[in-house]
Amino acid sequence: MKLVKFFILTLLFMSINSCLDRNLDEIKNIPTIGNEQSYTIFNWNRIGFHFNNQLGHNSKPIKVPKDVEILMLDIKYQSVDYFYFKKFNRWFNDLIFVYVILLIYQNVILDCDNFAMLYKSLFSVGAYASDNLHEFAVASVVVTQKNEFGGIPSGGGLHMVNLIFTTKDWYIFEPQTGEYIELENYPNQEYIQFIIL
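> Before we go on, may I ask you to explain the sheet that holds strand E1 (residues 41-42) in this structure?
Reading across from one edge, E1-E3-E4 is the order of the three strands in this open sheet, with mixed pairing throughout. The open sheet has two edge strands with one neighbour each: E1 and strand E4 (135-136). The pairing of strand E3 (residues 77-78) with E4 spans two bridges and is classified as parallel. From the neighbouring strand, Tyr77 faces E4, where its bridge partner is Glu135.

Here it is, written out as structure tokens:
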């Protein structure tokens, strides 16, 4: 009897998901930005200075550990215009919740790391579509989720979010819910383990 129920539930789930039209045409509408904005270039020296001295945007004190592991995949990154960040987040929110590119409520098949990496990767596509000389300064961050943030409960396990270096401030972004907060106010900043730019 349990096998029959499982089979029926599996068929129901497959039929619901098959109704979703995931042709990814929405990605063609990725927001772009003109090159007229002013921005900061982040290289290893700048990133190292800030995190080794626990200083965030405009030298605001942060509690990110001094020995946080930082992996930079490019030599230079460009800060993100704050208004582009807001525009991109609205577009990403629609991509996730309206066009249902990834399902939020699932076990571990497409969990937090997939959302964070998708967010970072699509920012890269946005930089390319904008003809930028440098990649946007958007990182994936591995953190121990000691405190609730962005609708994701605490639990002490590893979690992945994004860190966006904007022209206004540095923001932690929860890609599963669209909530964000300044790095210096992020309740789990002292539990950040890895920053992958």
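On we go.
> Looking at this structure, I do not really get the sheet that holds strand E2 (residues 69-71). What am I missing?
Working definition: the strands of a sheet are paired by backbone hydrogen bonds and lie parallel or antiparallel to each other. Here we have six strands laid out as an open sheet, ordered E2-E9-E5-E6-E7-E8, and mixed in their pairing. Of all the strands in the sheet, the pair left with one neighbour each is E2 and strand E8 (179-182). Sheet twist, expressed as the mean angle between neighbouring strand axes with direction ignored, is 25°. When E2 meets strand E9 (residues 192-196), the two strands line up parallel, connected through three bridges. Directly across from Glu69, in E9, lies its bridge partner Phe194.

> I would appreciate a short explanation of the side chain of Thr166 in the present structure.
Along the chain, Thr166 falls in the loop between strand E6 (158-165) and strand E7 (170-174). The class of Thr166 is buried, set by a relative accessible area of 2%. A polar contact is formed between the side chain of Thr166 and the backbone oxygen of Asp169, at a distance of 2.6 Å. Once you skip the residues sitting within four places of it in the chain, Thr166 turns out to touch His57, Ser79, Val80, Tyr82, Phe85 and Tyr171.

> What is the right way to look at the packing of aromatic side chains in this model?
Aromatic ring pairs are described here by two measures, namely the spacing of the ring centres and the angle between the planes. Enumeration according to the criterion identifies 23 aromatic pairs in this entry. Judged by centre distance (4.3 Å) and plane angle (15°), the rings of Tyr119 and Phe173 are stacked. Highlighted residues: Tyr119 in helix H4 (residues 112-129) and Phe173 in strand E7, separated in sequence by 54 residues. Phe173 matches Tyr119 in its accessibility class, with the two residues each being buried. Aromatic rings pair up to connect Tyr84, Phe88, Trp91, Phe92, Tyr119, Phe123, Phe136 and Phe173 into one cluster. The side chain of Arg46 reaches across the aromatic face of Phe42, ending 5.9 Å from its centre. We note Lys168 situated over the ring of Tyr82; from NZ or CZ to the ring centre the distance is 4.6 Å.

What counts and how
- Residues numbered from 1 in each chain as written.
- Predicted model: local features only at pLDDT ≥ 70, side-chain atom pairs only at ≥ 80, totals over all residues.
- Heavy atoms only, no water.
- Pairing = 2+ DSSP bridges.
- Helix = DSSP H or I, 4+ residues; strand = E, 2+ residues; numbered from the N terminus.
- Axes fitted to C-alpha atoms, helices over the stretch in contact; angles between N-to-C directions.
- Buried < 20%, exposed > 50% of the residue type's maximum accessible area, 1.4 Å probe, protein only.
- Polar contact = N/O pair within 3.5 Å; in protein donor to acceptor, adjacent residues only side chain to side chain.
- Contact = heavy atoms within 4.5 Å.
- Phe/Tyr/Trp six-rings, centres within 6.5 Å; stacked < 30°, edge-to-face > 60°.
- Lys NZ or Arg CZ within 6 Å of the ring centre and 35° of its normal.

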